[in-house]
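# Report on the structure
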Amino acid sequence: MTDTTPPKSRASSSHPVRDADPASAALHKIRVDVSANYVGEQSKPDEGHYAFSYTITIRNEGQVPARLLTRHWVITDANGKVKEVRGEGVVGEQPYLLPGQGFRYSSGAVLETPVGAMQGSYQMLADDGAHFDAPIAPFTLAMPGLLH
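Everything numeric here is computed off the predicted structure, so don't read it as measured data.

Right, let's get into the nonpolar core. Counting residues in hydrophobic clusters, the biggest one holds 30 residues, and the most contacted among them are Y54, I56, I58, W73, Y122 and F139. Not counting the four nearest positions on each side in its chain, I56 is found in contact with V32, D33, V34, W73, F103, R104, Y105 and Y122.

This paragraph deals with the packing of aromatic side chains. A full pass over the atoms with the stated rule returns six aromatic pairs. A centroid spacing of 6.0 Å and a plane angle of 55° characterise the contact between Y54 and F139, whose relative ring orientation is tilted. Linking Y54 in strand β3 (residues 50-60) with F139 in strand β9 (residues 131-142), this pair joins segments that are 85 residues apart in sequence. The pair Y54 / F139 is uniform in exposure class, with both members buried. Pairing W73 with F139 gives two aromatic rings, centres 6.0 Å apart and planes at 85°, and the pair type is edge-to-face. Here W73, found in strand β4 (residues 66-77), pairs with F139, found in strand β9; they are 66 residues apart in sequence, far enough to count as distant. Each residue in the set Y54, W73, Y122 and F139 is aromatic and connected to the rest through ring pairs, giving one cluster.

This part is about unusual backbone geometry. A positive phi angle is found at V91, which is not glycine, with a value near 40°. For V91, the position within the fold is in the loop between β5 (82-88) and β6 (96-97). V91 sits in the partly exposed class, given a relative accessible area of 45%.

What counts, and where the lines are drawn
Residues numbered from 1 in each chain as written. Predicted model: local features only at pLDDT ≥ 70, side-chain atom pairs only at ≥ 80, totals over all residues. Heavy atoms only, no water. Core = buried A, V, L, I, M, F, W, Y, C linked by side-chain atoms within 4.5 Å. Buried < 20%, exposed > 50% of the residue type's maximum accessible area, 1.4 Å probe, protein only. Contact = heavy atoms within 4.5 Å. Phe/Tyr/Trp six-rings, centres within 6.5 Å; stacked < 30°, edge-to-face > 60°. Helix = DSSP H or I, 4+ residues; strand = E, 2+ residues; numbered from the N terminus.

So this is what it looks like as structure tokens:
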């Protein structure tokens, strides 16, 4: 069964590769949109177990095809506990995105507190050989009714 609570957190980031040359920056531009939800039926608040799901949409807004190679997440709970996660691809895939193409996937995180935040980046490889990061803007994970 899935939680149908409306998304509690939305974040979006669209950053070109950090480069002094604006023409080059337009070549490598990945947009990342995030929607996050609390998953009540998988949570056990009395045991400090708060489950969240999130859906990510990655879109190549640049001019060069690129492949997502790895991910890096920084997950912080309300107690300041930080967990870093690094790995290949996302949900077992390394999506290859043509200009204008997108990829969407869902995943989850478990926190010890009812509120937390995630942020990170995807490490990309463009067809022209450029390696660049696609930042994921910070987004909130929160049990409904805790934040305004």
